[in-house]
Amino acid sequence: MVDPITQHQTHLQTTTNINTLQSETSIPQSPPSLDPKHYISQLFKCRNLNQITQVHAQVAVNGLLLHNLTLANKLLYIYVQHKAVIDAHSLFGVMTEKDPVSWSVMVGGFARVCDYLNCFVTFREYVRSGECLDNYTLPLVIRACRDTMDINMGRLIHHVVHKFGLHSDPFVVAALVDMYAKCGAIDDAKQLFDKMPERDLVSWTVMIGAYAECGNANESLALFDRMREEDVIPDKVAMVTVVNACAKMGAMHKARLVNEYIWRRNFSLDVILGSAMIDMYAKCGNLDSAREIFDKMREKNVITWSAMIAAYGYHGKGREALELFSSMLTSGVLPNRITFVSLLYACSHAGLVEEGLRIFNSMWEDHFVRRDVKHYTCMVDLLGRAGRLNEAFNLVEDMSVEKDEGLWGALLGACRIHNRIELAEKAAKALLELQSQNPGHYVLLSNIYAKAGRWEDVAKIRELMTHRRLKKNPGWTWIEVDNKIHRFSVGDHTHGWSKEIYKMLEMLIEKLELAGYVPDTNFVLHDVDEELKQGMLYSHSEKLAIAFGLISTPEGTPLRITKNLRVCGDCHTFIKFVSAIAKRSIIVRDANRFHHFEEGACSCGDYW
DNA sequence: CTAGGGTTAG
């Protein structure tokens, strides 16, 4: 049996010989048709697949292709550029000689058309070919792991990286950090990042984005500051990542600083940066600034429009969202499914039932956008809030797309508003079958029972949660004061000003009660963990944050707070009273939407 | 032939 490698080498030798022989026998002044450079420049001029195939045929016939690796690689590359990966692969198959460039073009080609299976298969062949791996192919295949969320493959390739001594290459490591982060292994990402001998701008950007992605926007912003301290100068892409972190964090002050920096650096407001900034301002509670950015942008695409429509939606401005949608259609930008989710959501949170129904029915007929489960979820929410629960239920029963936990969750939420216990039990059953590990679902059902005074059922749910080892998600509230973010949990005593905060809270509650505030103990009774204890109601994280905001900012300053869960009913009432008595406008971002409190009223109309 | 960027329900 002949060793394949020896065979391969013999073969190579033969072709080299032929090559020499040919150049010896050919005319000294070779005509353009035998000059590889001639074909390479021809290839770059190709504008369609047909032209590429023609050049391919010519070089195959005159024998140039098999003996000129540069030419073959270029041809391979041009095929991949035109997404003709099948043609590329058949050329790849007949290439007698391959170098790292050929392999990386082929591996990258499969990744480009999302054919990850062949991407990995080709990479494995590359490794087995004994050819040396380089820092071109590895980032490509690592990114394929990220895009398929295949962390096991990612770890495997990480080993390969070590084997080839490429664990210090900035391209390779940045790709690995990104892969770990997007696969949810933030600790592995951080560890790699910390060990990097030299962190360049891209690795910083990847790491900053990684933290924002995993929900730790705070750390993300801290990392950005550290990067600046190390004199790494951010570019526009880095700024988009930071803008994104500000949006997730809801950090208004930081947002302003970031905007100022972008302006100072003269970064042009392109469609991506602009869209990100709209999102940032809107999620920091400043709809006007978001709109200013929107109006300033010269190029707007579907994402820009959708971001602005969504912003109006979660600020409770349904009419504005609808108006913007018609302008969008007038301007010729086609809506996509996300545009419709944002639009229906806006209708639902503004109580625009008929408009929502009209849009829902027109999606496919007028705009060729298919309804998916999220659109149905918005409709369930829309009908449910309006008390039309039977219609919502019928919609769910008749729909032909697959139902998910979000859909049942919306139905359950609507049942809570309207105290529909039997429907709630039906929805909860379906919900828990799909997702039995989410404590939020149990809490919601328990709240429904509590509101109806069915304490035995409340106890049953609590028992079930204990049995399944589920704990209610901890609630956090953030408030930004003097460019610093302060975080509070329920009953928090860790803040430096804790004493003053509780004193303030005591005074506030006294004043509020005189003004007619009655604590809603319902919200104490159906909490499932420590919050159960009497008095805990007074120290909900949003109340602490507000008390702190009142003592740490000048009179009349608006307070902006962010909460990771939905604001509780008692806190909602409490904040309404505070806005009137302390004469402050208070802007609360909860897990779902914004509440603008002003003079004793909330923009959500107590309907959230 | 390489790495990093924006919108969506509950």
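Conventions used here
The numbering scheme is per chain: residues are counted from 1 as the chain's sequence reads. Naming scheme: in the order in which they are written, chains are lettered from A and ligands are numbered from 1. With pLDDT at 70 or above as the cut-off, local features in this predicted model cover only qualifying residues; side-chain atom pairs require 80 or more to be listed or tallied, and sums for whole chains, interfaces and linings still use all residues. Side-chain figures throughout are based on the complete set of non-hydrogen atoms in the structure, without hydrogens or water. Runs of H or I in DSSP of at least four residues are treated as helices and runs of E of at least two as strands, each being numbered from the N terminus. Residue burial is assigned from relative accessible area. The probe radius is 1.4 Å, only protein chains are included, and a residue is buried under 20% of its type maximum, exposed over 50%, and partly exposed in between. Nearness here has a simple test: a residue counts as near a molecule or strand if at least one of its heavy atoms is within 4 Å of that partner. Two N or O atoms count as a polar contact when they lie within 3.5 Å, although within protein this holds only if one can serve as hydrogen donor and the other as acceptor, and sequence-adjacent residues are included solely when both atoms are side-chain atoms. Note on residue categories: nonpolar means Ala, Val, Leu, Ile, Met, Phe, Trp, Tyr, Cys or Pro, charged means Asp, Glu, Lys or Arg, and polar means any other residue, Gly included. Lining residues are those with an atom within 4 Å of a point, where the points come from a 1 Å grid over the protein atoms alone and group into cavities, where a 1.4 Å probe fits but cannot get out, or pockets, open sets with protein on both sides within 12 Å along at least five of seven lines. Grid points are joined across faces, edges and corners, and a volume is the space filled by probe spheres set on the points. Stacked, tilted and edge-to-face pairs are distinguished by plane angle, under 30 degrees for stacked and over 60 for edge-to-face with tilted covering the rest, among Phe, Tyr and Trp rings (Trp via its six-membered ring) whose centres lie within 6.5 Å. Either the NZ atom of lysine or the CZ atom of arginine qualifies as a charge over a ring when it sits within 6 Å of the ring centre and within 35 degrees of the ring normal. We count a salt bridge whenever a side-chain nitrogen from Lys or Arg sits within 4 Å of a carboxyl oxygen from Asp or Glu.

Asks: Teacher, can you tell me more about unusual backbone geometry here?
Replies: Leaving glycine out, the prevailing phi sign among residues is negative, and the prevailing peptide bond configuration is trans. Positive phi, normally seen in glycine, also occurs at Lys83, with a value near 60 degrees. Relative to the helices and strands, Lys83 resides in the loop between helix H5 (69-81) and helix H6 (85-94). A residue is classified by how much of its surface remains accessible, and Lys83, at 52% relative accessible area, is exposed. Phi is positive for Asp231, close to 60 degrees, though the residue is something other than glycine. For Asp231, the location among the structural elements is in the loop between helix H14 (217-229) and helix H15 (236-249). When its relative accessible area of 64% is taken as the criterion, Asp231 is described as exposed.

Asks: Would you mind going over the protein's contact with DNA strand B with me for this structure?
Replies: Close to DNA strand B lie 54 residues; Ser104, Asn135, Asp200, Asp235 and Tyr345 are nearest. Backbone atoms, meaning sugar and phosphate, make up 41% of the atoms of DNA strand B lying within 4 Å of the protein. The separation between a phosphate oxygen of DNA strand B and a polar side-chain atom of His349 is 2.8 Å. In this structure, Asp404 approaches DNA strand B through a side-chain N or O atom, which is 3.3 Å from a base nitrogen. Sort the elements by how many residues they give to the surface near DNA strand B and helix H17 (residues 271-283) lands first, with seven residues. Counted by class, the surface near DNA strand B contains 26 nonpolar, 13 polar and 15 charged residues.

Asks: Would you mind going over the layout of surface pockets with me for this structure?
Replies: Unfilled space is identified by rolling a water-sized probe across the atoms. Within this model, the second largest pocket holds a volume of roughly 570 Å³. Around the second largest pocket, the lining comprises 24 residues; the ones closest to its centre are Ala174, Ala175, Asp178, Val202 and Val206. For the lining of the second largest pocket, the secondary-structure elements that each account for two or more residues are helix H9 (137-147), helix H11 (170-182), helix H13 (201-213) and H15. For the lining of the second largest pocket, a count of residues per class yields twelve nonpolar, five polar and seven charged.

Asks: Help me understand the packing of aromatic side chains, please; the structure alone is not making it clear to me.
Replies: Any two aromatic rings considered together are summarised by their centre-to-centre distance and by the angle between their planes. One pass over the full model with this rule turns up twelve aromatic pairs. Put simply, the rings of Phe92, Trp103 and Tyr126 touch in pairs and so form one group of aromatic residues. If you follow Lys300 out to its NZ or CZ, it ends over the ring of Phe294, 5.0 Å from the centre. Directly above the aromatic system of Trp476 lies the positively charged group of Arg487, at a separation of 3.5 Å from the ring centroid.

Asks: Explain the pattern of salt bridges here, please?
Replies: Scanning the entire structure with this criterion turns up 21 salt bridges. Taking the shortest distance from any N to any O, the salt bridge between Arg388 and Glu354 comes out at 3.2 Å. Residue Arg388 is located in the loop between helix H23 (373-385) and helix H24 (389-398), and its partner Glu354 is located in helix H22 (residues 353-367); the two are separated by 34 residues in the primary sequence. For Arg388, a relative accessible area of 25% gives the class partly exposed. A salt bridge links Lys543 to Asp570; the shortest N-O distance between them is 2.8 Å. On the criterion of sequence distance, the pair formed by Lys543 in helix H31 (residues 541-552) and Asp570 in helix H32 (residues 569-581) is long-range, its members being 27 residues apart. By relative accessible area, which is 0% here, Lys543 ends up buried. It is possible to trace a salt-bridge network through shared partners that takes in Arg146, Asp147, Asp178 and Lys182.

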